[in-house]
Amino acid sequence: MKPNLHVATPPPKPLMIFDGDCDLCIHWIGRCRQATGDCVEYVPFQDSRAAALFPELSRGRCENAVQLVETDGTVFEG
């Protein structure tokens, strides 16, 4: 993943935005949750919190790739 942009309001801990309707995404997010525990928050882009917290991240961007928002506001996409 490479950094693509910054958000104005960074989260208190890293936050992964993913496609909550994609079975493959859901599977891999489950595996990631096992590895990261509560160190990373996971939110599907379909959750209204994602759009409200990060208006810089378009729906199209989130539909095409997961978005990892770091605590300094850096966004990695992959």
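Nothing here was measured: the structure is a model prediction, and the numbers come from that model. (Residues numbered from 1 in each chain as written. Predicted model: local features only at pLDDT ≥ 70, side-chain atom pairs only at ≥ 80, totals over all residues. Heavy atoms only, no water.)

Our next topic: the overall build of the protein chain. In terms of helices and strands, the protein chain carries three helices and five strands. Against the 2.2 N^0.38 benchmark of 12 Å for 78 residues, the protein chain shows a C-alpha radius of gyration of 11 Å, consistent with a compact globule. When its C-alpha atoms are laid out on the principal axes, the protein chain stretches across 30 × 25 × 25 Å. Scored against the burial criterion, the 78 residues of the protein chain give a buried share of 32%. Across the protein chain, contacts joining residues at least 24 apart in sequence account for 69% of those joining residues at least 6 apart. Put simply, the protein chain shows about 4700 Å² of open surface, and 55% of that area lies on carbon and sulfur atoms. Charged side chains of the protein chain number 7 positive and 11 negative; the gap between the two group centres comes to 2 Å. (Helix = DSSP H or I, 4+ residues; strand = E, 2+ residues; numbered from the N terminus. Rg over C-alpha atoms; globule rule 2.2 N^0.38 Å. Buried < 20%, exposed > 50% of the residue type's maximum accessible area, 1.4 Å probe, protein only. Contact = heavy atoms within 4.5 Å. Areas by Shrake-Rupley, 256 points an atom, 1.4 Å probe, with all protein chains shown as cover. Lys, Arg positive; Asp, Glu negative; His and termini not counted. Charge placed at Lys NZ, Arg CZ, Asp CG, Glu CD.)

A few words now on the pattern of salt bridges. Taken as a whole and judged by the stated rule, the model has four salt bridges. Of the charged contacts in the structure, one is a salt bridge between E41 and R49, with a shortest N-O distance of 3.3 Å. By relative accessible area, R49 is classed as partly exposed at 40%. Across the salt bridge formed by R59 and E63, the nearest N and O atoms sit 3.2 Å from each other. With R59 and E63 both in helix α3 (residues 59-64), this residue pair falls four residues apart, about one helical turn. In this structure E63 comes out as partly exposed when scored by relative accessible area, which is 44%. (Salt bridge = Lys/Arg side-chain N within 4 Å of Asp/Glu carboxyl O.)

Among the structural elements, V66 can be located in the loop between α3 and β4 (67-69). Overall, the relative accessible area of 21% leaves V66 in the partly exposed class. On a C-alpha basis, the gap between V66 and Y42 in space is 10 Å, while along the polypeptide they are 24 residues apart.

Over its 14 residues, helix α1 (residues 23-36) extends 20 Å from the first C-alpha to the last, a length consistent with the 20 Å expected when each residue adds 1.5 Å. After α1 finishes, the residue G37 shows a positive phi value of roughly 60°. (Expected span 1.5 Å × (residues − 1).)

Quick look at the pairing of strand β3 (residues 41-44) now. As defined by bridge partners, strand β2 (residues 15-18) adjoins β3 across four bridges and the pair is classed as parallel. The residue bridging I17 from the neighbouring strand is V43, located in β3. The parallel pair β2 and β3, bridged by α1, forms a crossover whose chirality is right-handed. (Pairing = 2+ DSSP bridges. Right-handed = clockwise from strand over helix to strand, strands pointing away.)

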